[in-house]
There are 2 protein chains.
Amino acid sequence: MGRWEPGARGRLEQAALALYGERGFEQTTVAEIAKRAGLTERTFFRHFADKREVLFAGAGSLQDLLVSTLASTPDSAAPIAAVAAALEAAGALLQERREYSRQRQAVIAANAELQERELVKFASLSAALADTLRRRGVKDPAASLTAEAGIAVFRIAFECWISETSKRDLPQLIRESLDELRAVTAGR
Amino acid sequence: MGRWEPGARGRLEQAALALYGERGFEQTTVAEIAKRAGLTERTFFRHFADKREVLFAGAGSLQDLLVSTLASTPDSAAPIAAVAAALEAAGALLQERREYSRQRQAVIAANAELQERELVKFASLSAALADTLRRRGVKDPAASLTAEAGIAVFRIAFECWISETSKRDLPQLIRESLDELRAVTAGR
């Protein structure tokens, strides 16, 4: 009791996602998640604040990766190119978790509260990108617009990627989505 | 009792906004709003579901205006130009309510729950624009990207407009914000 359980976090995440898919997010309790994972509720709460945060625990590391990649891109890169490099790095990470991402998306799509939380997550990612651009000397409104454009590109590429028919990988879809944004804003 | 109060809605809105500004949104009750407006709680609930919806009652008519303007733009217009026309029409409407908009924004900025509700509102507006574009024959992802780009342009123009220093009107700021988005996505 009380000791660190190796792999506990991943087992809890997997158990939670399976239960949310089977019974619905609302109907699942922390006790059931812990039981399915073969762990105690106490271990659950050592890893996650509540059952909702199981689905959003990855947002922090996603944001760290976006910010660190953006910050380390050469200053000579145009802001949108630097943001694209950061989004592609995040896309490469998510590419390894396609089945998880698909299951998670289905759970979120079925619940209004989770959709709101997802909107908050994307707004935070956009704000973090805009702040990082400002620290690179990009003025507003260019910094905010570049960040918002980047997040829109990412979200739409992500939706395409988790759809059944898509065969392309996520970093490629992000590049294509940005090309499409350039085309639509140019009015073609 | 029970009869329609002319101007009641506007008086309730004004009273609510004043109280939210003075005491904070959380600390204000519907009873206080009704009293300040010289009306009953019953009249309040004839106009608004709860105290939060006072701040979001205009979202429906904003969406209707965006959708109807977009739907009536000639088919020959590029999707981004049609969306820009819709946003400028919405901007012209809001331009008449600058002081109200500024007060409302200050209330929302001070409350996390209201910020989430505002994110949901913008997501709904984006989804409505994307649906209207699809009905005009625009394919995805172009429809979603154009709608998301439009809403980003609108939000950033709006933030600039309610800031103290801005002297330009909102439709003009929307045009400038779109020009800026074109420039940043092109990588200039």
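For the structure, see preceding data.
Conventions and cut-offs
Residues numbered from 1 in each chain as written. Chains lettered and ligands numbered in written order. Predicted model: local features only at pLDDT ≥ 70, side-chain atom pairs only at ≥ 80, totals over all residues. Heavy atoms only, no water. 1 Å grid on protein atoms, 1.4 Å probe; cavity = no way out; pocket = protein on both sides within 12 Å on 5 of 7 lines; lining within 4 Å. Points joined across faces, edges and corners; volume = space filled by probe spheres on them. Helix = DSSP H or I, 4+ residues; strand = E, 2+ residues; numbered from the N terminus. Nonpolar A, V, L, I, M, F, W, Y, C, P; charged D, E, K, R; others polar. Phe/Tyr/Trp six-rings, centres within 6.5 Å; stacked < 30°, edge-to-face > 60°. Buried < 20%, exposed > 50% of the residue type's maximum accessible area, 1.4 Å probe, protein only. Axes fitted to C-alpha atoms, helices over the stretch in contact; angles between N-to-C directions. Parallel < 35°, antiparallel > 145°, perpendicular 65-115°, else oblique. Contact = heavy atoms within 4.5 Å.

Turning next to empty space enclosed by the protein. Per the stated rule, a full pass over the model turns up one cavity of 30 Å³ or more. Counted as a void, the largest cavity has a volume near 30 Å³. Taken together, L145, E148, A149 and A152 of chain A together with E148, A149, A152 and L181 of chain B form the lining of the largest cavity. Listed by contribution, the elements that provide at least two residues to the lining of the largest cavity are α8 (142-162) of chain A together with α8 (142-162) of chain B. When residues in the lining of the largest cavity are grouped by element, the largest group, four residues, is from α8 of chain A. Residues belonging to the lining of the largest cavity are distributed by class as follows: six nonpolar, no polar and two charged.

For the rest of this paragraph, the subject is the packing of aromatic side chains. Residue and element names in this part refer to chain A. Within the structure shown, the criterion is met by ten aromatic pairs over all chains. Ring centres of F158 and W161 lie 5.6 Å apart, and the angle between their planes is 55°; on these two criteria the pair is classed as tilted. On the criterion of helical spacing, the pair formed by F158 and W161 is a turn pair, its members being three residues apart in helix α8. For F158, a relative accessible area of 9% gives the class buried.

Glancing now at the packing of helix α7 (residues 112-135) of chain A against helix α7 (residues 112-135) of chain B. Running from amino to carboxyl end, α7 of chain A crosses α7 of chain B at an angle of 90°, the nearest separation of the two axes being 9 Å. Classified by the interaxial angle, the pair formed by α7 of chain A and α7 of chain B is roughly perpendicular. For the pair α7 of chain A and α7 of chain B, contact is made by E116, L119, V120 and A123 of chain A and by E116, L119, V120 and A123 of chain B, respectively. Taken together, the residues of the contact of α7 of chain A with α7 of chain B sort by class into six nonpolar, no polar and two charged.

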